[in-house]
Amino acid sequence: MSDASVLIPFAIQFVTGAAQGVDASRAVFAFARDNALPGSRWLKRVNTVTRTPIYAVWFVIVGSGICGLLGFSVAALNSLAG
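Not measured: the values here are computed from a predicted model. (Residues numbered from 1 in each chain as written. Predicted model: local features only at pLDDT ≥ 70, side-chain atom pairs only at ≥ 80, totals over all residues. Heavy atoms only, no water.)

**Q** I tried to follow the overall build of the protein on my own but got confused; where do I start?
**A** Looking only at helices and strands, the protein features four helices and zero strands. In terms of overall size, the protein is more extended than a compact globule, its C-alpha atoms giving a radius of gyration of 17 Å where 82 residues would be expected to give roughly 12 Å. Its C-alpha atoms put the protein at 50 × 35 × 20 Å along the principal axes. Expressed as a percentage of its 82 residues, the buried residues of the protein come to 11%. (Helix = DSSP H or I, 4+ residues; strand = E, 2+ residues; numbered from the N terminus. Rg over C-alpha atoms; globule rule 2.2 N^0.38 Å. Buried < 20%, exposed > 50% of the residue type's maximum accessible area, 1.4 Å probe, protein only.)

Put into structure tokens, the structure is as follows:
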């Protein structure tokens, strides 16, 4: 098996994950802009230099990381340990 055939699935997962992160952060910003979320005042702030909603992006990234960590069950962690 060549290196490229091993890396292609990982590259596809990275690209789709990045696209989902962008889509989710746009949705969070849109809801926050309309004051439809708790903490909207903070989530709808836009960086003055880059003009991007960095708080909404970090909210999505941290939330995704927490959900990813919660996905590890005791059985999954034991199977990784050997």
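Still to come is the rest of the account.
**Q** How should a nonpolar patch on the surface be read in this particular structure?
**A** A grouping of Ile54, Val57, Trp58, Ile61, Val62, Ile66 and Leu70 is seen on the molecular surface, where their side chains present a nonpolar patch of about 660 Å² in accessible area. Checked against the element boundaries, valine 57 lands in helix α3 (residues 54-70). For valine 57, a relative accessible area of 30% gives the class partly exposed. (Patch = residues over 30% accessible without salt bridge, like charges linked within 9 Å, V, L, I, M, F, W, Y side chains within 5 Å. Areas by Shrake-Rupley, 256 points an atom, 1.4 Å probe, with all protein chains shown as cover. Salt bridge = Lys/Arg side-chain N within 4 Å of Asp/Glu carboxyl O.)

**Q** Just checking my understanding: could you explain the packing of aromatic side chains for this structure?
**A** Aromatic ring pairs are described here by two measures, namely the spacing of the ring centres and the angle between the planes. Under the defined criterion, the tally for this structure stands at one aromatic pair. When the centroid spacing of 4.7 Å and the interplanar angle of 45° are considered together, the rings of tryptophan 42 and tyrosine 55 count as tilted. Pair noted here: tryptophan 42 is in helix α2 (residues 40-43) and tyrosine 55 is in helix α3, with a separation of 13 residues, a long-range link. With relative accessibility at 28%, the residue tyrosine 55 sits in the partly exposed group. (Phe/Tyr/Trp six-rings, centres within 6.5 Å; stacked < 30°, edge-to-face > 60°.)

**Q** Whenever I open this one, the pattern of salt bridges confuses me. Can you help?
**A** If charged atoms from side chains of opposite charge come close, those side chains can pair. According to the stated counting rule, one finds one salt bridge in the structure shown. Taking the shortest distance from any N to any O, the salt bridge between aspartate 34 and arginine 33 comes out at 3.7 Å. Given the relative accessible area of 48%, arginine 33 is considered partly exposed.

**Q** Hey, could you run me through the confidence of the model for the protein in this one?
**A** Low-pLDDT stretches of the model should not have their predicted coordinates read in fine detail. Confidence in the prediction for the protein averages 86 pLDDT; 93% of positions are at 70 or higher. Here helix α4 (residues 74-81) stands out as the least confident element of the protein, with mean pLDDT 71; α2 is the most confident, with 94. (pLDDT = per-residue confidence, 0-100.)

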